[in-house]
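Each chain, letter by letter, is given below.
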Amino acid sequence: MIRVLFVCLGNICRSPMAEAVLRSKVEKAGLANQIEIDSAGTGDWHIGEPPHEGTADILLKQNISTDGIKARQVKEADLLHFQYVVAMDAGNLGELHEMAGINPTTSISRLMDYVSGSEIEDVPDPYFEGNFKEVYEMVDAGCEKLLEHIRKEEGI
Ligand code: 4NP
């Protein structure tokens with residue numbers, strides 16, 4: 001099983017959006033039995049909460065399900081369990097590198113790394129800005145390219 005974990009700050013806006021979007025793409029590609037997807041936050045404020053209504057609304061419009069998604073905090077064991085740990089911004093990335101220490105055993109990246117030619121490195125935080133549509137477009141493009149990367153890398 002190939003395991004992918006998306007990580008943001010609160011685990012209610014960006015990373016659950018990426019989890020739902022990638023899951024939808026994986027299901028459409030017939031790869032649901034080969035790729036497992038989850039998300040987590042570096043912060044603990046929203047543990048147990050469903051996705052933010054801005055994320056839920058935009059996904060509903062795209063017919064993408066958020067059923068069963070609940071916020072949790074990232075933990076060290078995640079860095080062993082998941083082969084692809086994908087941060088949304090430089091802040092999350094820094095925290096993950098710190099958690100992984102000097103000997104990371106997993107691939108830790110940022111979602112926009114996979115979009116070649118993108119001048120934007122971070123998926124902006126819509127929690128304060130409310131720009132969920134813009135964030136969705138970035139997450140969708142990033143997940144499309146991430147899935148291409150995984151398929152190539154894993155030969156599936
Ligand atoms: P997220 O957005 O990291 O995309 O889930 C945020 C959600 C909550 C907070 C910050 C960012 N917060 O400060 O509670």
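Being a predicted model, the structure only gives us computed values, none of them experimental. (Residues numbered from 1 in each chain as written. Predicted model: local features only at pLDDT ≥ 70, side-chain atom pairs only at ≥ 80, totals over all residues. Heavy atoms only, no water.)

Participant: Got a minute to help me understand the overall build of the protein chain in this structure?
Facilitator: Secondary structure summary: the protein chain contains 6 helices and 4 strands in total. The secondary structure elements of the protein chain, listed N-terminal to C-terminal, are β-α-β-α-α-β-α-β-α-α. Its C-alpha atoms give the protein chain a radius of gyration of 14 Å, within 12% of the compact-globule value 15 Å for 156 residues. Over its C-alpha atoms, taken along the principal directions, the protein chain stretches across nearly 40 × 35 × 35 Å. When each of the 156 residues of the protein chain is scored for burial, the buried share is 47%. A fraction of 73% describes how many contacts in the protein chain between residues 6 or more apart in sequence connect residues 24 or more apart. Of the accessible surface of the protein chain, which amounts to about 8000 Å², a share of 47% is contributed by carbon and sulfur atoms. (Helix = DSSP H or I, 4+ residues; strand = E, 2+ residues; numbered from the N terminus. Rg over C-alpha atoms; globule rule 2.2 N^0.38 Å. Buried < 20%, exposed > 50% of the residue type's maximum accessible area, 1.4 Å probe, protein only. Contact = heavy atoms within 4.5 Å. Areas by Shrake-Rupley, 256 points an atom, 1.4 Å probe, with all protein chains shown as cover.)

Participant: Please explain the site of the ligand as it appears in this structure.
Facilitator: Lining the immediate environment of the ligand, one finds Cys 8, Leu 9, Gly 10, Asn 11, Ile 12, Cys 13, Arg 14, Trp 45, His 46, Asp 125, Tyr 127 and Phe 128. One of the backbone nitrogen or oxygen atoms of Asn 11 is found 3.2 Å away from an oxygen atom of the ligand. Contact between the ligand and Ile 12: an oxygen atom at 3.0 Å from a main-chain N or O atom of the residue. Considered on its own, the ligand offers 360 Å² of accessible surface; in the complex 93% of this is hidden by protein. (Near = heavy atom within 4 Å. Polar contact = N/O pair within 3.5 Å; in protein donor to acceptor, adjacent residues only side chain to side chain.)

Participant: Explain helix α2 (residues 53–61) to me, please; I cannot follow it from the model alone.
Facilitator: Given 3.6 residues to a turn, an α-helix orients residues that are three or four positions apart in the same direction. Listing the buried residues of α2 in full gives Gly 54, Thr 55, Ile 58 and Leu 59. Here the buried residues of α2 occupy an arc of 125° about the axis, which is enough to place them on one side. Exposed and oriented more than 90 degrees from the buried face of α2 are Glu 53, Leu 60 and Lys 61. Buried residues along α2 sit against α1 (14–28) and α6 (132–154). The positive-phi residue at the C-terminal boundary of α2 is Asn 63, with phi of around 65°. (Arc of directions from axis to C-beta.)

Participant: I tried to follow α6 on my own but got confused; where do I start?
Facilitator: The end-to-end C-alpha distance of α6, which contains 23 residues, comes to 31 Å, matching closely the 33 Å that a straight helix rising 1.5 Å per residue would cover. Within the span of α6, buried status applies to Phe 132, Val 135, Tyr 136, Met 138, Val 139, Gly 142, Cys 143, Leu 146, Leu 147 and Ile 150. Buried residues belonging to α6 abut β1 (2–8), α1, β2 (35–41), α2, β3 (84–87) and α5 (126–129). At the exit of α6 stands Gly 155, carrying a positive phi of roughly 65°. (Expected span 1.5 Å × (residues − 1).)

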